[in-house]
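Here are the chains, one letter per residue:
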Amino acid sequence: MSDPTIGVLALQGDVREHLAALESVGARGVTVRRPAELAAVDGLVLPGGESTTIDKLLRIFELRDLLQARIKEGLPVYGSCAGMILLADRILDGTADQQTVGGMDVVVRRNAFGRQVDSFETDLDFAGISDVDGGPVRTAFIRAPWIEEAGPQVEVLSRIPAVDTQGRPVAAAGRIVAARQGSLLATAFHPEITGDARVHGLFVSMVAGG
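Residues numbered from 1 in each chain as written. Predicted model: local features only at pLDDT ≥ 70, side-chain atom pairs only at ≥ 80, totals over all residues. Heavy atoms only, no water.

K.L.:
Help me understand the overall build of the protein chain in this model?
P.N.:
Looking only at helices and strands, the protein chain has six helices and 12 strands in total. Along the longest, intermediate and shortest principal axes, the C-alpha atoms of the protein chain span 50 × 40 × 35 Å. Per-residue burial over the protein chain gives 51% buried out of 210 residues. Sequence-distant contacts, at least 24 apart, represent 65% of the contacts inside the protein chain between residues at least 6 apart. Carbon and sulfur atoms make up 48% of the accessible area of the protein chain, which totals about 9300 Å². Looking at charge distribution, the protein chain has the averaged site of its 20 positive side-chain charges lying 4 Å from that of its 27 negative ones. (Helix = DSSP H or I, 4+ residues; strand = E, 2+ residues; numbered from the N terminus. Buried < 20%, exposed > 50% of the residue type's maximum accessible area, 1.4 Å probe, protein only. Contact = heavy atoms within 4.5 Å. Areas by Shrake-Rupley, 256 points an atom, 1.4 Å probe, with all protein chains shown as cover. Lys, Arg positive; Asp, Glu negative; His and termini not counted. Charge placed at Lys NZ, Arg CZ, Asp CG, Glu CD.)

K.L.:
I would appreciate a short explanation of the layout of surface pockets in the present structure.
P.N.:
With a probe scaled to a water molecule rolled over the atoms, the places where space remains empty come into view. Approximately 180 Å³ is the volume attributed to the second largest pocket. What lines the second largest pocket is a set of 15 residues, among which G49, E50, C81, I142 and R143 lie closest to the centre. Here the residues of the lining of the second largest pocket sort into four nonpolar, seven polar and four charged. (1 Å grid on protein atoms, 1.4 Å probe; cavity = no way out; pocket = protein on both sides within 12 Å on 5 of 7 lines; lining within 4 Å. Points joined across faces, edges and corners; volume = space filled by probe spheres on them. Nonpolar A, V, L, I, M, F, W, Y, C, P; charged D, E, K, R; others polar.)

K.L.:
Sorry if this is basic, but what is going on with the packing of aromatic side chains here?
P.N.:
Pairs of aromatic rings are described using the distance from one ring centre to the other and the angle between the two planes. For the structure on display, the rule yields seven aromatic pairs. Taken together, the ring pairs connect F113, F120, F126, F141, W146 and F189 into an aromatic cluster. (Phe/Tyr/Trp six-rings, centres within 6.5 Å; stacked < 30°, edge-to-face > 60°.)

K.L.:
Help me understand the side chain of R110, please; the structure alone is not making it clear to me.
P.N.:
By the element assignment, R110 lies in the loop between β6 (104-109) and β7 (120-124). By relative accessible area, R110 is classed as buried at 12%. Here R110 is in contact with E50, S51, T52, I85, I91, L92, D93, G94, T95, Q98 and P145, once residues within four sequence places are set aside.

K.L.:
Before we go on, may I ask you to explain the side chain of D14 in this structure?
P.N.:
As for its placement among the helices and strands, D14 is situated in the loop between β1 (5-9) and α1 (15-24). One buried charged side chain, D14, makes no salt bridge at all; its nearest oppositely charged neighbour is R16, positioned 11 Å away. Side-chain polar atoms of D14 contact the backbone nitrogen of G48, separated by 3.3 Å. Those residues in contact with D14 that sit more than four places away from it in its chain are P47, G48, H190, E192 and I193. (Salt bridge = Lys/Arg side-chain N within 4 Å of Asp/Glu carboxyl O. Polar contact = N/O pair within 3.5 Å; in protein donor to acceptor, adjacent residues only side chain to side chain.)

K.L.:
I tried to follow unusual backbone geometry on my own but got confused; where do I start?
P.N.:
Although it is not a glycine, E62 adopts a positive phi angle of roughly 55°. With respect to the secondary-structure elements, E62 resides in the loop between α3 (51-60) and α4 (64-73). Not every positive phi belongs to a glycine, and C81 is a case in point at roughly 55°. Position of C81 among the secondary structure elements: in the loop between β4 (77-80) and α5 (82-87).

K.L.:
Sorry if this is basic, but what is going on with the nonpolar core here?
P.N.:
A general tendency of soluble globular proteins is for nonpolar side chains to be buried together. Formed by 64 residues in total, the largest nonpolar core has its most connected members in L58, L67, V77, F126 and F141. Looking at which element gives the most residues to this core, the answer is helix α6 (residues 198-207), with six residues. In contact with L58, other than residues within four places in its own chain, are L9, L11, L63, R64, L67, L86 and V101. (Core = buried A, V, L, I, M, F, W, Y, C linked by side-chain atoms within 4.5 Å.)

Written as structure tokens, this is what we have:
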């Protein structure tokens, strides 16, 4: 599949940045707000934002059931930050009425890295990217989750390192921050705002059958 059409769920979050990153790696990016638009794409990005709000809007816009059905059919979906939470089968520290779309056999902890003031950028090794395409991936964590547990079918792609670039121990060392299960890809961080589009490139290759 050449130049796949990849939708970005445009209910909340950093939609424009994801569209720009997708187009920079050869995909045709479109916004998705309606069932007909979701039905027409080859892949979908669930952007960052507020997971509880996106969950409610998915139901209001009558997209949730269709998205679940398309995921079961094999639609490639990439979720970043809040998108990771939406793809998780189970959530820790969610609100009482919070639901997910599901599909990934993971347990995700919301706001695991702390509040907005605890946001940070760092370089991470990312399996399938760092080892084949030019070193660590630049990442941004903003009120980010992490994967607390991953099932046997989940491929862990990136973890927080044991020490930072100055050799100091990292409190969240070993936490899973990127994973793949079949046609689903999830990151706790926001690659779309760092100028490093290689995660989007990986997703485009997944959509194209890679």
